[in-house]
Amino acid sequence: MIKINRKLGILFLFTGLPGTGKTTLANKIIKKINKKFGPTLLINGDDVRNIFNLKKYSQRERKKVDKIYINLIKFIIKQKINLLFTTIYLPNRDLKKDPILKKSIRIHMAANYLTRYKFKKNIYKLRKNVPGKNFKANKVEKAHIFLNNDISKNINSLEKEFWKKLNEKFIS
């Protein structure tokens, strides 16, 4: 059982390639998270990119964006607000060394190319710098919950699987 620090908000960090269902699942569970754990926000990494006009996608630029994400996450968590944050990836080294971030609940979602492309994500229209298409996506390390979204699953079955795994690892 992993202990949750009640003096801070809880970070639910959803990672996975575009189109795996991270934001869809986060939207589905936010009301229950809010009811169970208190005030909760949902932020999609793409929204942060749009708000701050971060339009470059090279690996170098992605590292800069990761730092922005981490600063924003820490700002919210320190205010005792829970956060569902969806992004492709955040480096494990940043999560391990920071005392606030290392208490996060990390959820990784995977899906095959057909499932991801079904959602027709705009990122797949780019010609280069698409993780999982033009370059190998970063290896996922230390996720607490792994969910595999294949074309046969609907959002309700993913939500049920999420709650089952969360209860097994975090909730007594």
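Residues numbered from 1 in each chain as written. Predicted model: local features only at pLDDT ≥ 70, side-chain atom pairs only at ≥ 80, totals over all residues. Heavy atoms only, no water.

**A short note on helix α6 (residues 155-169)**
Turning to step 1, where the next piece is worked out: Its 15 residues place the ends of α6 21 Å apart at the C-alpha level, agreeing with the 21 Å of an ideal helix rising 1.5 Å per residue.
Turning to step 2, where the next piece is worked out: Among the residues of α6, Leu 158, Glu 159, Phe 162, Trp 163 and Leu 166 are the ones counted as buried. All buried residues of α6 fall inside an arc of 135° around its axis, so they share one side. Along α6, exposed side chains directed more than 90 degrees from the buried face belong to Lys 160, Lys 164 and Glu 168.
Turning to step 3, where the next piece is worked out: Close packing links the buried residues of α6 with β1 (11-15), α1 (22-37), β4 (105-110) and β5 (145-148).
Turning to step 4, where the next piece is worked out: Sitting at the head of α6, Asn 154 places a side-chain oxygen 3.0 Å from the backbone nitrogen of Asn 156. (Helix = DSSP H or I, 4+ residues; strand = E, 2+ residues; numbered from the N terminus. Expected span 1.5 Å × (residues − 1). Buried < 20%, exposed > 50% of the residue type's maximum accessible area, 1.4 Å probe, protein only. Arc of directions from axis to C-beta. Contact = heavy atoms within 4.5 Å. Polar contact = N/O pair within 3.5 Å; in protein donor to acceptor, adjacent residues only side chain to side chain.)

**With respect to the packing of aromatic side chains**
Turning to step 1, where the next piece is worked out: Per the counting criterion, the structure on display carries 4 aromatic pairs.
Turning to step 2, where the next piece is worked out: Ring geometry for Phe 12 versus Phe 37: centroids 5.9 Å apart, planes at 50°, classification tilted. Remark: Phe 37 occurs in helix α1 and Phe 12 occurs in strand β1; sequence separation between them is 25 residues.
Turning to step 3, where the next piece is worked out: Seen in terms of ring centroids, Phe 162 and Trp 163 are 5.3 Å apart; in terms of plane orientation they differ by 75°. Their pairing is edge-to-face. Trp 163 carries the same exposure label as Phe 162, and that label is buried. (Phe/Tyr/Trp six-rings, centres within 6.5 Å; stacked < 30°, edge-to-face > 60°.)

**Looking at the sheet that holds β4**
Turning to step 1, where the next piece is worked out: The strand order β2-β3-β1-β4-β5 describes an open sheet built from 5 strands, whose pairing is parallel. The sheet is open, and its two borders are formed by β2 (40-44) and β5, each paired with just one other strand. Averaged over all adjacent pairs, the angle separating strand axes in this sheet is 15°, with direction ignored.
Turning to step 2, where the next piece is worked out: Where β1 meets strand β3 (residues 82-87), 5 bridges bridge the pair, whose relative direction is parallel. Bridging across to β3, Leu 13 finds its partner in Phe 85.
Turning to step 3, where the next piece is worked out: Strands β1, β2, β3, β4 and β5 of the sheet are contacted by α1, whose axis makes an angle of about 170° with β3.
Turning to step 4, where the next piece is worked out: Docked against the sheet, α6 engages β1, β4 and β5, running at close to 160° with respect to β5. (Pairing = 2+ DSSP bridges. Axes fitted to C-alpha atoms, helices over the stretch in contact; angles between N-to-C directions.)

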